[in-house]
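# What the coordinates show
Each chain, written out:
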Amino acid sequence: MSVDPRHPWDSPSVQIDPLAGMCTFAGQTLPDPLPADPFPLFQSWLQMSADVKSQPNPNAMSLATVDADGQPSVRIVLARRIYPDLGCIVFFTNYDSRKGTAISASHRIAACFHWDHLDRQVRVEGVATVSPAQESNNYFTRRPLMSRVAAWASSQSQPLANRQQLLDANTLAEARFGVTGGDERVKSMTPEQVSAIVVPRPPNWGGFRFWVSRMELWLGHSSRLHDRALWTRDLTPTPIDGAPGYTGGAWSVTRLQP
Ligand SMILES: Cc1cc2nc3c(=O)[nH]c(=O)nc-3n(C[C@H](O)[C@H](O)[C@H](O)COP(=O)(O)O)c2cc1C
């Protein structure tokens, strides 16, 4: 078994065979001096992960929320937009889901991207606001037809008696939008017929804009002398694109001990 010397594995109950030589990027360091704005660097890391194609969802981030009782919870969502000029990241979800309900109670959120094969991590913290309706509509209409239909079938995070209950709800949604038969039915339709079917965005489904006030970029090293840099800034509530948003002040940046 090849073992990455940085991460010796010592539990016999689970067999993990870390890839030898995975620390390809160990010699790399963050720029010195550090850039004033972390967003371009963050975007370049995301692009790098997308380019090497070693994980299906390079834009996956662990999203942490805190509910009204102060209980944290975390799950993966996909970052669908990054607006470096606005300083926000956009993800889409069901507003009535556990995360959506938590965000209504506390708009403070955090997230973490991990690109294991690149030895990189990006941590972000800030506040969430509901996306302008136009942003949610634009994104929703670009989703595949059956994904749009399914958004009507699932009351995300609510209990289900059994799987059939969800399938039944989906069948009802398919009938409502004239696509009974699902994917098979869609495959038999012309592109014009598919695009003629209108599935509006459910009112409880849409985007959140994640306004970043704190971002940390981490670059791993075999010696554990990892390279870390932290950018922080204030956020000021400001209507943006006709919806609540924030403007960020100037970033402060510092290196952190690993
Ligand atoms: C790779 C991956 C991508 C996901 N992307 C999303 C997403 O963009 N939006 C979303 O609502 N859920 C997404 N999920 C599902 C969430 O992790 C989660 O199960 C769901 O949102 C319900 O979470 P909640 O009950 O905490 O609200 C994704 C899961 C995985 C594993």
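Values in this document were obtained by computation on a predicted structure and should not be read as measured data.

Here we come to the overall build of the protein chain. When helices and strands are tallied, the protein chain shows seven helices and ten strands. For the protein chain, the spread of C-alpha atoms along the three principal axes comes to 60 × 50 × 40 Å. A burial count over the protein chain gives 23% of its 258 residues as buried. A fraction of 61% describes how many contacts in the protein chain between residues 6 or more apart in sequence connect residues 24 or more apart.

Another aspect to go through is helix H4 (residues 145-153). Three or four residues apart is the spacing at which side chains of an α-helix point the same way, because the helix has 3.6 residues per turn. Those residues of H4 lying buried are Arg148, Val149, Ala151 and Trp152. Each buried residue of H4 lies within a common arc of 150° when the element is viewed along its axis, so the set occupies one face. Looking at the packing, one finds that the buried side of H4 touches helix H3 (133-141), helix H5 (163-176) and strand E6 (205-219).

The next subject is unusual backbone geometry. Across the chain, the bulk of peptide bonds are trans and the bulk of non-glycine residues have phi less than zero. Residue Pro33 is reached from Asp32 by a cis peptide bond, and omega for that bond is 5°. Along the chain, Pro33 turns up in the segment before helix H1 (39-52). With phi around 55°, Asp241 is a residue other than glycine that occupies positive phi space. Considering the arrangement of structural elements, one finds Asp241 in the loop between strand E8 (235-240) and strand E9 (243-248). Given 14 C-beta atoms within a 10 Å radius, Asp241 is considered partly exposed.

Once that is clear, we can look at the nonpolar core. Generally speaking, soluble globular proteins have nonpolar side chains that are buried together. With 30 residues, the main nonpolar core has Ile89, Phe91, Ile109, Phe210 and Val212 as its most contacted residues. Put simply, the parts of the chain that give this core at least two residues each are H1, strand E1 (60-66), strand E3 (88-94), helix H2 (98-105), strand E4 (108-115), strand E5 (120-130), E6 and strand E7 (227-232). Examining the composition of this core, we find that six residues originate from one element, E6, more than from any other. If we skip the residues at most four places from it in the chain, Phe91 touches Leu63, Val77, Leu78, Ala79, Arg80, Gly207, Phe208 and Phe210. Within the second largest apolar cluster, seven residues are counted, among which are Val149, Trp152, Ala173 and Val199.

Let's shift gears to the domain arrangement of the protein chain. With domains assigned, the protein chain is organised as domain 1 (39-138 + 204-256) and domain 2 (144-196). Distance from the C-alpha centre of domain 1 to the C-alpha centre of domain 2: 30 Å. Taken together, the contact between domain 1 and domain 2 spans five residues of the former and four residues of the latter. Considered class by class, the residues forming the side of domain 1 that touches domain 2 number one nonpolar, two polar and two charged.

Neighbouring the ligand are 16 residues, the closest being Thr93, Ser97, Arg98, Lys99 and Ser157. Here the shell around the ligand takes five residues from strand E2 (residues 72-83), the largest share from any one element. Along the lines of polarity and charge, the residues of the shell around the ligand split into six nonpolar, seven polar and three charged.

On to the pairing of E8, then. Where a strand is regular, its side chains alternate between the two sheet faces. Across the six residues of E8, zero count as buried, placing the element largely on the outside. With six bridges joining them, E8 and E9 adopt antiparallel strand pairing. Bridged to Leu235 within E9 is Gly248. Between E8 and the antiparallel strand that follows it, E9, lie two residues; Asp241 among them carries a positive phi value of about 55°.

Time to look at the environment of Glu125. Position of Glu125 among the secondary structure elements: in strand E5. Between the C-alpha atom of Glu125 and that of Ala64, which follows or precedes it by 61 residues, the distance is 9.2 Å. Not counting residues within four places of it along the chain, the set of residues in contact with Glu125 comprises Ala110, Ser213 and Arg214.

For the pair H4 and H5, interaxial distance at closest approach is 8 Å and the crossing angle is 120°. Looking at the two axes, H4 sits oblique to H5. Considering only the axes of H4 and H5, their crossing is right-handed. Across the interface between the two elements, Val149, Ala150, Trp152 and Ala153 of H4 pack against Leu166, Ala169, Asn170, Ala173 and Glu174 of H5.

Cut-off values and rules
- Residues numbered from 1 in each chain as written.
- Predicted model: local features only at pLDDT ≥ 70, side-chain atom pairs only at ≥ 80, totals over all residues.
- Helix = DSSP H or I, 4+ residues; strand = E, 2+ residues; numbered from the N terminus.
- Buried ≥ 20, exposed ≤ 12 C-beta atoms within 10 Å, placed from the backbone.
- Contact = placed C-beta atoms within 7 Å.
- Arc of directions from axis to C-beta.
- Core = buried A, V, L, I, M, F, W, Y, C linked by C-beta atoms within 7 Å.
- Domains from an automatic or database assignment.
- Nonpolar A, V, L, I, M, F, W, Y, C, P; charged D, E, K, R; others polar.
- Near = placed C-beta within 6 Å.
- Pairing = 2+ DSSP bridges.
- Axes fitted to C-alpha atoms, helices over the stretch in contact; angles between N-to-C directions.
- Parallel < 35°, antiparallel > 145°, perpendicular 65-115°, else oblique.
- Left-handed = near helix turned anticlockwise from the far one by under 90°.

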